[in-house]
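Chain by chain, the residues run as shown.
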Amino acid sequence: MSMLEYTEFYHADEPVGVFDFYSSLTPDRKDFKKIFNRNKIYCPECRVCQLKLTQETISKTAFLSKMPGENNKHSDWCSHNHQTMKNSEAIKYYGSLSNEEILEKLEKTIYLLLSPKVTNNHKKTVPTYDNPTLGLIQTTNRKNEETMKALPKMSFYDPRIINVPENYYHIPFLLYGDVYLSAYEIIGSTGFSYNKIRVIDKNSKNQIMNLYRGKNIDKTREDVLYHVAVVVRYDYVSIRKEYKWELYNQTSIIYRSD
Ligand SMILES: [Zn+2]
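Note that this is a predicted model, so its numbers are computed, not measured.

## Some thoughts on the overall build of the chain
Part 1 of the argument: Looking only at helices and strands, one finds 4 helices and 15 strands in the chain.
Part 2 of the argument: The 258 residues of the chain split such that 28% are buried.
Part 3 of the argument: In the chain, of all internal contacts separated by at least 6 residues, the share reaching a separation of at least 24 is 56%.

## A closer look at the nonpolar core
Part 1 of the argument: Within the largest apolar cluster, 36 residues are counted, with the highest numbers of intra-cluster contacts made by V179, L181, V199 and V228.
Part 2 of the argument: Mapped onto this core, the elements with two or more residues apiece are α3 (87-95), α4 (99-114), β10 (173-187), β11 (193-200), β12 (207-214), β13 (225-237) and β15 (253-256).
Part 3 of the argument: Discounting residues that sit within four places of it in the chain, V179 has contacts with F156, V199, I200, D201, K202, I208, Y226 and V228.
Part 4 of the argument: Among the nonpolar cores identified, the runner-up in size contains 11 residues, and F21, I41, C43 and C78 belong to it.

## What to know about the pairing of β11
Part 1 of the argument: Note: β10 against β11, 8 bridges, orientation antiparallel. Counted as the bridge partner of S182 is R198 from β11.
Part 2 of the argument: Taken together, β10 and the strand that follows it, β11, pair antiparallel across an intervening segment of 5 residues, in which G191 is found at a positive phi of about 90°.
Part 3 of the argument: Direction of pairing for β11 relative to β12: antiparallel, over a ladder of 6 bridges. Within the sheet, the bridge partner assigned to I200 lies in β12 and is Q207.

## Some thoughts on the environment of L174
Part 1 of the argument: Locating L174 in the fold gives a position in strand β10.
Part 2 of the argument: On the basis of neighbour counts, which here come to 25 C-beta atoms within 10 Å, the residue L174 falls in the buried class.
Part 3 of the argument: Leaving out residues up to four positions away in the same chain, L174 has contacts with K105, T109, L151, P152, K153, A229 and V231.

## Here's the deal with unusual backbone geometry
Part 1 of the argument: Notably, R47 is not glycine yet its phi reads approximately 60°, a positive angle.
Part 2 of the argument: Judged by local crowding, R47 falls into the buried class, with 23 C-beta atoms found within 10 Å.
Part 3 of the argument: A positive phi angle is found at K205, which is not glycine, with a value near 65°.
Part 4 of the argument: Inspection of the secondary structure assignment puts K205 in the loop between β11 and β12.

## Some words on α4
Part 1 of the argument: The terminal C-alpha atoms of α4 lie 22 Å apart, and with 16 residues this matches the ideal 22 Å at 1.5 Å per residue to within 8%.
Part 2 of the argument: Within α4, the full set of buried residues consists of I102, L106, K108, T109, L112, L113 and L114.

## Details of the environment of K108
Part 1 of the argument: Mapping K108 onto the fold places it in helix α4.
Part 2 of the argument: With 20 C-beta atoms counted inside 10 Å, the residue K108 sits in the buried group.
Part 3 of the argument: Taking the C-alpha atoms as reference points, K108 and A229, 121 residues apart in sequence, are found 9.3 Å from one another.

## Concerning the confidence of the model for the chain
Part 1 of the argument: With 78% of its residues at a pLDDT of at least 70, the chain reaches an overall mean of 81.
Part 2 of the argument: A low-confidence stretch, residues 124-130 (pLDDT under 50), is modelled with 8 contacts involving residues beyond four sequence positions or located in other chains.

The rules we used
- Residues numbered from 1 in each chain as written.
- Predicted model: local features only at pLDDT ≥ 70, side-chain atom pairs only at ≥ 80, totals over all residues.
- Helix = DSSP H or I, 4+ residues; strand = E, 2+ residues; numbered from the N terminus.
- Buried ≥ 20, exposed ≤ 12 C-beta atoms within 10 Å, placed from the backbone.
- Contact = placed C-beta atoms within 7 Å.
- Core = buried A, V, L, I, M, F, W, Y, C linked by C-beta atoms within 7 Å.
- Pairing = 2+ DSSP bridges.
- Expected span 1.5 Å × (residues − 1).
- pLDDT = per-residue confidence, 0-100.

And the structure:
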């Protein structure tokens, strides 16, 4: 069990915002090298705790971690204070939520992780939610003590979205990121129709995933970059004889544009 990894970082200088760590590592993104070299970078969620970059070596890929120091802490409500739920806990937790409760988690995800709004310094204002934490659950550990655990979550730009590790199969995941969306309808020969939505990489314009929407109609624009949060599962689709990402349920998707 590990603490939540950092797949994004926040920095306060121009251009202000939350940046995806993995796409920032591609060699042609020289502007990001400048960000790492010149600027302090922060936790993408609370924007208070300072992070550091460990450079890539021959045997290890680059990664972000908390900058050491007693005073360098996450905000109380930040999910990076907690360990991630185990797979079995995540399955049970999502199973206990109504569709409305899942949508509320997705709204919080967009607010906490993708909102570009900043105040006069890099710190965010106190979130407007009563309980701003991102899907923390209370469980009891072996010593029967109450502990909080955070929902497993990943950026759409995490390489594990494409090369999915086997221990991620069948587990509900919260995914989020700034992406393009392309909605379309498929009409079969018998006249039966359904809708799908493509999630598209903002940099490469490649498709990240293609999600079944059933009768839900998405009125998205292809030229607009959306903040998107979804709950998905990597499952075996018997009709296609392959594993693919599917929405946890047909409404577990939220998108917003600025
Ligand atoms: Zn934090």
